[in-house]
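Listed below are the residues making up each chain.
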Amino acid sequence: MREALRLAKKAKELGEVPIGAVVVSEGKIVGRGYNLRTKLQMATAHAEMRAIDRACKKLKSWRLEDAEIYVTLEPCPMCMGAILNSRIARVYFGAYEQKGRSLTAELAAANLLNHTAEVTGGIMEAECSALLTSFFTEMRQREKAKKGENKE
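Presented here is an overview of the structure given in this document. (Residues numbered from 1 in each chain as written. Predicted model: local features only at pLDDT ≥ 70, side-chain atom pairs only at ≥ 80, totals over all residues. Heavy atoms only, no water.)

1. A closer look at the sheet that holds strand 5 (residues 118-120)
What counts is decided by this rule: By the convention used here, strands pair only if DSSP detects at least 2 bridges between them. Helix and strand assignments come from DSSP, with helices taken as H or I runs of at least 4 residues and strands as E runs of at least 2, each series counted from the N terminus. Note on method: axes are straight lines fitted to C-alpha atoms, helices fitted across the in-contact stretch only, with angles between N-to-C directions ranging 0 to 180 degrees.
Taken together, five strands build an open sheet; the order of strands is 2-1-3-4-5 and the sheet is mixed. Only two strands of the sheet have a single neighbouring strand rather than two, namely strand 2 (28-34) and strand 5. Direction aside, neighbouring strands of the sheet carry axes that sit 15 degrees apart on average. Looking at chain direction, strand 1 (residues 20-25) and strand 3 (residues 68-73) are connected through four bridges and run antiparallel. In the sheet register, alanine 21 faces strand 3, and the bridge partner there is valine 71.

Printed below as a string of structure tokens:
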């Protein structure tokens, strides 16, 4: 999770929502990713999607059986779909999604695509949550300052 947090901080430096993800297979990181939605203007440029893509390329297989993914924020339904489709066995995430309903546990257990995944949340939750909270607080402050400048 520490590496996923490092990647999330990299996303924050770029002005992206700070989410990082790593895919681990046989004890080694085989895929890394961080949010690049704004920079790439791609709805699918989530940390998990990027990490899964890199892991598949590295392992030369779309099947990531027995792999684990570590994500700083509870995966969204799109990312859970990719996790299940790639046959990742275990999902570990830090912060719980507070605003929207992610359906992580429900999707992981639903046996969609003839696959289920174990899910554990709250790993380094305080650190992951603090990074997200600080990002959105700073973003709101910047937006408020811009509005104040535009009034002058």
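2. Describing the pattern of salt bridges
How we decide: The salt bridge criterion pairs a side-chain nitrogen of Lys or Arg with a carboxyl oxygen of Asp or Glu, the two atoms within 4 Å. Buried residues are those whose accessible area, probed at 1.4 Å on protein chains only, stays under 20% of the maximum for their type, while exposed residues exceed 50% and partly exposed ones sit between those limits.
Scanning the model with the defined rule gives six salt bridges in all. The partner of lysine 12 in a salt bridge is glutamate 138, with the nearest N and O atoms 3.5 Å apart. Taken together, the residues lysine 12 in helix 1 (residues 2-13) and glutamate 138 in helix 6 (residues 125-151) connect sequence positions 126 residues apart. Under the relative-accessibility criterion, lysine 12 is labelled partly exposed at 21%. Residues joined in a network through salt bridges with shared partners are Glu3, Arg6 and Arg32.

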